[in-house]
Amino acid sequence: MAQVKIKDQGLPRVVEQLCSIDGVLCEDFSGDRSVFELATEGGSRELEIVFNSGDYRVQKNQYELLCRALTELGIPEGATYKPPPPPRRGMTPHIRATRERQKQVFEAWQEAWRTIRKAEKALDVEYEIAQMKDYY
């Protein structure tokens, strides 16, 4: 059977979205490769993503590595935001602003998870379509 080349449309979008989140440093986001560092309070991980490999297994493995890195950094998939209890002294404008920033960062990571899963599903569909075209 011939090797099927798959063009992954979702991975560049995922990396672009991750690079827009605070705590993610993108070293190179051009060409066929991108190196970026995910940094949170739980630590940091450096990942290298290859965009135009064309091999389904390589692309699927990249999604797996990305998901594993997020999980190891303490960013769970599908979590809901639970703010800390209000302080006894009352809410000051500074505390409100800090909590709102925390919530926005939390929501950005959850949106990244959703984008990763959508892109991964789209890759699976593209692979199955390519397999059917090759078969018939």
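I will try to describe carefully the structure that is included in this document. Predicted model only: the values in this text are computed from it and were never measured. (Residues numbered from 1 in each chain as written. Predicted model: local features only at pLDDT ≥ 70, side-chain atom pairs only at ≥ 80, totals over all residues. Heavy atoms only, no water.)

Helix and strand counts for the protein chain come out as 3 helices and 3 strands. Ordered by position from the N terminus, the helices and strands of the protein chain form the series α-β-β-β-α-α. A globule of 136 residues ought to have a C-alpha radius of gyration of about 14 Å, yet the protein chain, at 18 Å, is considerably larger. Principal-axis analysis of the C-alpha atoms places the extent of the protein chain at approximately 70 × 30 × 20 Å. Residues classed as buried in the protein chain amount to 31% of the 136 residues present. In the protein chain, of all internal contacts separated by at least 6 residues, the share reaching a separation of at least 24 is 58%. (Helix = DSSP H or I, 4+ residues; strand = E, 2+ residues; numbered from the N terminus. Rg over C-alpha atoms; globule rule 2.2 N^0.38 Å. Buried < 20%, exposed > 50% of the residue type's maximum accessible area, 1.4 Å probe, protein only. Contact = heavy atoms within 4.5 Å.)

In this structure the tally under the stated criterion is 2 aromatic pairs. Look at Tyr56 and Tyr127: their rings are 4.0 Å apart centre to centre, the planes differ by 15 degrees, and that puts the pair in the stacked class. Taken as a pair, Tyr56 in helix α2 (residues 56-72) and Tyr127 in helix α3 (residues 93-135) lie far apart in primary sequence, 71 residues in all. For Tyr56, a relative accessible area of 17% gives the class buried. Between Tyr81 and Phe106, the aromatic rings sit 5.6 Å apart at their centres with planes inclined by 50 degrees, giving tilted as the arrangement. Of the two residues, Tyr81 is situated in the loop between α2 and α3 and Phe106 in helix α3; the sequence distance between them amounts to 25 residues. Residue classification places Tyr81 among the partly exposed residues on the basis of a relative accessible area of 22%. (Phe/Tyr/Trp six-rings, centres within 6.5 Å; stacked < 30°, edge-to-face > 60°.)

In this section: the pattern of salt bridges. Here the structure, examined in full by the defined rule, presents 8 salt bridges. Across the salt bridge formed by Arg45 and Glu72, the nearest N and O atoms sit 2.1 Å from each other. In this pair, Arg45 sits in strand β3 (residues 43-50) while Glu72 sits in helix α2, placing the two residues 27 residues apart along the sequence. Ionic pairing is found between Arg57 and Asp55, a salt bridge with its closest N-O pair at 3.7 Å. We classify Arg57 as exposed; its relative accessible area is 58%. On the accessibility criterion, Asp55 (18% relative accessible area) is buried. Members of the salt-bridge network, linked through shared partners, are Lys60, Glu77, Arg117, Glu120 and Asp124. (Salt bridge = Lys/Arg side-chain N within 4 Å of Asp/Glu carboxyl O.)

Taken together, Val125, Ile129, Met132, Tyr135 and Tyr136 make up a surface patch of nonpolar side chains, about 620 Å² in accessible area. Looking at the secondary structure, you find Ile129 in helix α3. Overall, Ile129 belongs to the partly exposed group, its relative accessible area being 33%. (Patch = residues over 30% accessible without salt bridge, like charges linked within 9 Å, V, L, I, M, F, W, Y side chains within 5 Å. Areas by Shrake-Rupley, 256 points an atom, 1.4 Å probe, with all protein chains shown as cover.)

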